[in-house]
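A closer look at the structure
In case you want the letters, here they are:
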Amino acid sequence: MSLGQGGPPQQWDPWKPNSQQPWNGGSSGQSPDWAALADASEARSKRRRLLFIGGGALATVAIGTAVAVAVVSANGGSEASPGTSSQLPGGSDIDIPSPTGTVPSFAPTSAPPPLDPKDFIASAKKDKAPLSPDILFPGTQLTMGETVYKKGPTADTTNCASAAKATLPKVLDDNDCTRLIRVTYTKDDVAVTVGVAVFETEAQATKAKQQADKKSIVKSLSGGGVKDFCSGAVCRSTTNSYGRYAYFTLAGFTAGKDVTTKDTAVFATGDDLQTFTVRQIHRRGQAQASAAANE
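Residues numbered from 1 in each chain as written. Predicted model: local features only at pLDDT ≥ 70, side-chain atom pairs only at ≥ 80, totals over all residues. Heavy atoms only, no water.

Notes on the overall build of the chain
Scanning the chain from N- to C-terminus turns up 5 helices and 8 strands. For the chain, the succession of helices and strands along the chain, N to C, is α-α-β-β-β-α-β-β-α-β-β-β-α. Taken across its 295 residues, the chain has 32% of its residues classed as buried. A sequence separation of at least 24 residues applies to 65% of the contacts in the chain between residues at least 6 apart. A total of about 19400 Å² of accessible surface is found on the chain, and carbon and sulfur atoms cover 55% of it. (Helix = DSSP H or I, 4+ residues; strand = E, 2+ residues; numbered from the N terminus. Buried < 20%, exposed > 50% of the residue type's maximum accessible area, 1.4 Å probe, protein only. Contact = heavy atoms within 4.5 Å. Areas by Shrake-Rupley, 256 points an atom, 1.4 Å probe, with all protein chains shown as cover.)

Structure (C-alpha cells):
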C-alpha cells in the first residue's frame, strides 16, 4: 500500500508560495510541527519590523526636505532683516519707500521780504511820487460809510505859515515845513478843511505834531460855493502825523454858530476826513513800495 505519491514528504516553508503545511486533518494521527510554526512567525515579525523602520526613515527624510523647501520659498531665496518685511503678502508688486530713504530737501527761498510802504513816506529822499491836492484828494466827492461829502475848494502853498492860524505858523516854521495842501468838504451845513503839512523827514513831522496845542489850527478854506466858516466861531480841530506828513482838520458850521460837544455831526465829519487823509498818505507809500518791488 502506497503512503504517498513517492519520496519523502516536503518540508513546509512559509516564504515559498507553493509549499504546504504538513497537515492531514488529523486522519494520520500526526500532530503539527509547532516549533517550525514558531520559527516562521518570528521570521515574519522580524521582517515587518525592518520594513517599518526603513519606511519611517524615508518618511522622515521626505518631511525634512519639504520643510526645507518651504523655508527657502518663504524667504524668497534670501534672508530678510529682523523686524523688516521684504515683500508684500500675496505677491503684491506695489513699491514701498525704504524706511532709510533720503528725505527730500528744498533750497531756501531767495525772495526778498516785502517792502514797507511807510519807508517810502518817511523821508523826501524816497518819497518821489507826484503830489498835488487833486492827487491826494481825487474826485468831486468823498464817501465814508453811508455818508457822502462834497468836495469844495483846494489850495497849495510852500509858505506853510500863511495857511495856518494862532500858534500853528510858528510850529510849522520851526520844523521847516516845505508845503501845505488844503481842501474843504461839506455835508449839509457842516464844513471841514483838511490841511496836510509836508516835511523833509518823519522826525520833523512828529515833532510838529507834538509841539502843536489846542490853538494850533489850520485856516479854513472857503469859496466855490462854500461860505466862510470858523472865522470867529468856536470850531473843532484835530492834529496828527504819519510819515513825513502832519495833518490837521478844522470843522464847524457854515452858518457861523459855535460847535458844542452835542454836535456829533461836526465831530463825525472831522473824524471821517482825518481817517481818509491818513489812508491816502499810506496808499501813497504802498504805490511806491509796489513800484520799487517790480523794478
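From this point on, the discussion continues.
Structural notes on the side chain of Arg182
Structurally, Arg182 is set in strand β4 (residues 179-187). Of the buried charged residues, Arg182 lacks a salt bridge, with Asp156 as the closest side chain of opposite charge at 8.7 Å. At 3.2 Å, the side chain of Arg182 and the backbone oxygen of Lys219 are in polar contact. When residues no more than four places from it in sequence are discounted, the contact partners of Arg182 are Pro153, Thr154, Ala155, Ala163, Thr193, Val194, Gly195, Val218, Lys219, Ser220 and Leu221. (Lys, Arg positive; Asp, Glu negative; His and termini not counted. Salt bridge = Lys/Arg side-chain N within 4 Å of Asp/Glu carboxyl O. Polar contact = N/O pair within 3.5 Å; in protein donor to acceptor, adjacent residues only side chain to side chain.)

Regarding the confidence of the model for the chain
Averaged over the chain, the pLDDT score is 79; the fraction of residues at 70 or greater is 62%. Low confidence marks residues 1-7, where pLDDT is under 50. Its contacts with residues over four positions away, or in another chain, come to 0 contacts. Here residues 23-29 is modelled with pLDDT under 50, and outside its nearest four sequence neighbours on either side it reaches 3 contacts, counting other chains as well. (pLDDT = per-residue confidence, 0-100.)

Thoughts on the state of the cysteines
What the rule picks out here adds up to 2 disulfides. Disulfide pairing is shown between Cys230 and Cys235; the S-S distance is 1.8 Å. Disulfide Cys230 to Cys235: torsion about the S-S bond roughly -105 degrees, handedness left-handed. Given the relative accessible area of 7%, Cys230 is considered buried. Counting only the cysteines that form disulfides, in the order they appear in the chain, gives the pairing 1-2, 3-4. (Disulfide = S-S within 2.5 Å.)

Describing the pairing of β4
Among the 9 residues that make up β4, 7 are buried, leaving the element largely enclosed by the rest of the structure. Examined bridge by bridge, strand β2 (residues 147-157) and β4 share 6 bridges and lie antiparallel to one another. Of the residues in β4, the one forming a bridge with Ala155 is Arg182. As judged from the 9 bridges shared by β4 and strand β5 (residues 190-198), these two strands associate in the antiparallel manner. The partner of Arg179 across the bridge, within β5, is Val198. (Pairing = 2+ DSSP bridges.)

A closer look at the pattern of salt bridges
This structure, assessed with the given rule, holds 8 salt bridges. Between Glu202 and Lys118 there is a salt bridge whose closest N-O contact spans 3.2 Å. With Glu202 in helix α4 (residues 202-211) and Lys118 in the loop between α1 (34-74) and α2 (133-136), the pair connects residues that are 84 residues apart, well separated along the chain. You can call Lys118 partly exposed: its relative accessible area is 29%. Residues Lys170 and Asp174 are paired through a salt bridge, measuring 2.7 Å at the closest nitrogen-oxygen approach. Of this pair, Lys170 and Asp174 both sit in helix α3 (residues 168-174), 4 residues apart, roughly one helical turn.

So, the packing of aromatic side chains
Inspection of every chain in the model, using the stated rule, returns 2 aromatic pairs. For the pair Phe137 and Phe276, a centre-to-centre distance of 6.2 Å together with 40 degrees between the ring planes defines the contact as tilted. Residue Phe137 is located in the loop between α2 and β1 (141-144), and its partner Phe276 is located in helix α5 (residues 264-293); the two are separated by 139 residues in the primary sequence. Here a set of aromatic residues connected by ring pairs shows up, and it is made of Phe137, Tyr185 and Phe276. (Phe/Tyr/Trp six-rings, centres within 6.5 Å; stacked < 30°, edge-to-face > 60°.)

Structural notes on the nonpolar core
Judged by nonpolar contacts, the single largest core of 25 residues is most densely connected at Phe137, Leu142, Tyr185, Val196, Tyr245 and Leu273. For this core, the secondary-structure elements that each account for two or more residues are β1, β4, β5, β8 (245-253) and α5. At 5 residues, the largest contribution of residues to this core is made by β5. Once you skip the residues sitting within four places of it in the chain, Val196 turns out to touch Leu136, Phe137, Arg179, Leu180, Ile181, Tyr245, Ala246, Tyr247 and Thr277. In this structure, Cys160, Leu172, Phe199 and Cys230 belong to the second largest nonpolar core, which totals 21 residues. (Core = buried A, V, L, I, M, F, W, Y, C linked by side-chain atoms within 4.5 Å.)

With respect to the environment of Asn294
Inspection of the secondary structure puts Asn294 in the segment after α5. At 3.2 Å, the side chain of Asn294 and the backbone oxygen of Ser290 are in polar contact.

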